[in-house]
Amino acid sequence: MIVGAAIVADGRVLACERAAPAEVAGMWEFPGGKVDPGESEVAALIRECEEELAVDVEVGDRVGDDIPLAGRDYVLKVYLARLRGDRRPQALEHSDLRWLAADELLTVPWLPADAPIVAALPPHLAV
C-alpha cells in the first residue's frame, strides 16, 4: 500500500517535484510513501510528511479512487490533509515544492499515478 497526502491550505494544494530516480525526476507528485507492516495508513502518511517535508499533518478524508500502480503490486490511496502547527514544508527529498490553485494544477507534469487525484481535487480547493 502506498499513501499520499493532498495537503491543502488557502485553496491551494502542495505539489512536490521528484528529484530521483532519473526516470521520474522533474515530474510532480503528492508527498507520501509505503505503509510499513503493522502501521495504519494515517500513521504512515503522518510519518512520511514528517520525513519528506518536516511538517505535521492532520489527515482527513480520502480523495479519488484507489489507483493500481503499474508494474507493482501496490495500490495508491490519497488523503486530504492540512498542516498542523507553524512549520512550513521543506523540500528535504524533492527538487522543488509549489502551492497550486485549481486553475494551476495542470501547469506541472504530474506522475501518471497522481493524475486521477489531480482531476478529483478542484472541488476541494474552492475557498
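What counts, and at which threshold
- Residues numbered from 1 in each chain as written.
- Predicted model: local features only at pLDDT ≥ 70, side-chain atom pairs only at ≥ 80, totals over all residues.
- Heavy atoms only, no water.
- Helix = DSSP H or I, 4+ residues; strand = E, 2+ residues; numbered from the N terminus.
- Rg over C-alpha atoms; globule rule 2.2 N^0.38 Å.
- Salt bridge = Lys/Arg side-chain N within 4 Å of Asp/Glu carboxyl O.
- Buried < 20%, exposed > 50% of the residue type's maximum accessible area, 1.4 Å probe, protein only.
- Core = buried A, V, L, I, M, F, W, Y, C linked by side-chain atoms within 4.5 Å.
- Contact = heavy atoms within 4.5 Å.
- Phe/Tyr/Trp six-rings, centres within 6.5 Å; stacked < 30°, edge-to-face > 60°.
- Lys NZ or Arg CZ within 6 Å of the ring centre and 35° of its normal.
- Lys, Arg positive; Asp, Glu negative; His and termini not counted.
- Pairing = 2+ DSSP bridges.

Student: An account of the overall build of the protein chain is requested, with residue identities and associated values reported.
Tutor: What the protein chain contains, in helices and strands, is two helices and seven strands. In the protein chain, the order of α-helices and β-strands from amino to carboxyl end is β-β-β-β-α-β-β-β-α. Its C-alpha radius of gyration of 13 Å places the protein chain within 12% of the 14 Å reference for a compact globule of 127 residues. Over its C-alpha atoms, taken along the principal directions, the protein chain stretches across nearly 35 × 30 × 25 Å.

Student: Quick one: what's the story with the pattern of salt bridges, residue by residue and with numbers?
Tutor: With the rule as written, the count across this model stands at twelve salt bridges. Taking the shortest distance from any N to any O, the salt bridge between Glu 51 and Arg 47 comes out at 3.4 Å. With a gap of four residues between them, Glu 51 and Arg 47 both fall in helix H1 (residues 41–53), about one helical turn apart. The salt bridge involving Asp 56 is made with Arg 84; its shortest N-O contact spans 3.1 Å. Of the two residues, Asp 56 sits in strand S5 (residues 56–68) while Arg 84 sits in strand S6 (residues 75–84), which places them 28 residues apart along the sequence. Judged by relative accessible area, which is 40%, Arg 84 ranks as partly exposed. A single network of salt bridges, built from pairs that share partners, joins Asp 36, Glu 39, Arg 47, Glu 48 and Glu 51.

Student: Could you give me a rundown of the nonpolar core, with the residues and numbers involved?
Tutor: Judged by nonpolar contacts, the single largest core of 21 residues is most densely connected at Ala 6, Val 13, Phe 30, Val 63, Leu 105, Trp 110 and Leu 121. Counting residues per element, the ones that place at least two in this core are strand S1 (2–9), strand S2 (12–18), S5, S6 and helix H2 (115–120). Residues in contact with Trp 110, not counting those within four places in the same chain, are Ala 15, Met 27, Trp 28, Glu 29, Phe 30, Leu 100, Leu 105 and Val 118. The next biggest cluster of nonpolar side chains, apart from the first, holds 16 residues, and it includes Ala 5, Leu 14, Cys 49 and Val 59.

Student: Go over the packing of aromatic side chains with me, naming the residues and quoting the values.
Tutor: By the definition in use, this model includes one aromatic pair. Between Arg 62 and the ring centre of Tyr 79, over which it is positioned, the NZ or CZ distance is 5.7 Å.

Student: Describe the side chain of Asp 114, naming the residues involved and giving the relevant values.
Tutor: Positionally, Asp 114 belongs in the loop between strand S7 (94–101) and H2. Buried and without a salt bridge, Asp 114 has Arg 18 as its closest oppositely charged side chain, separated by 7.4 Å. If sequence neighbours within four positions are ignored, Asp 114 has contacts with Trp 28, Glu 29, Phe 30 and Leu 76.

Student: Can you explain the pairing of S5? Please cite residues and give values.
Tutor: As a general feature of sheets, a regular strand has side chains that alternate between the two faces. Examined bridge by bridge, S5 and S6 share eight bridges and lie antiparallel to one another. Its bridge partner lying in S6, Asp 56 is registered against Arg 84. Linking two consecutive strands that pair antiparallel, namely S5 and S6, is a turn of six residues; a positive phi of about 75° is found at Gly 71 within it.

None of the figures reported here should be taken as evidence of function without further support.
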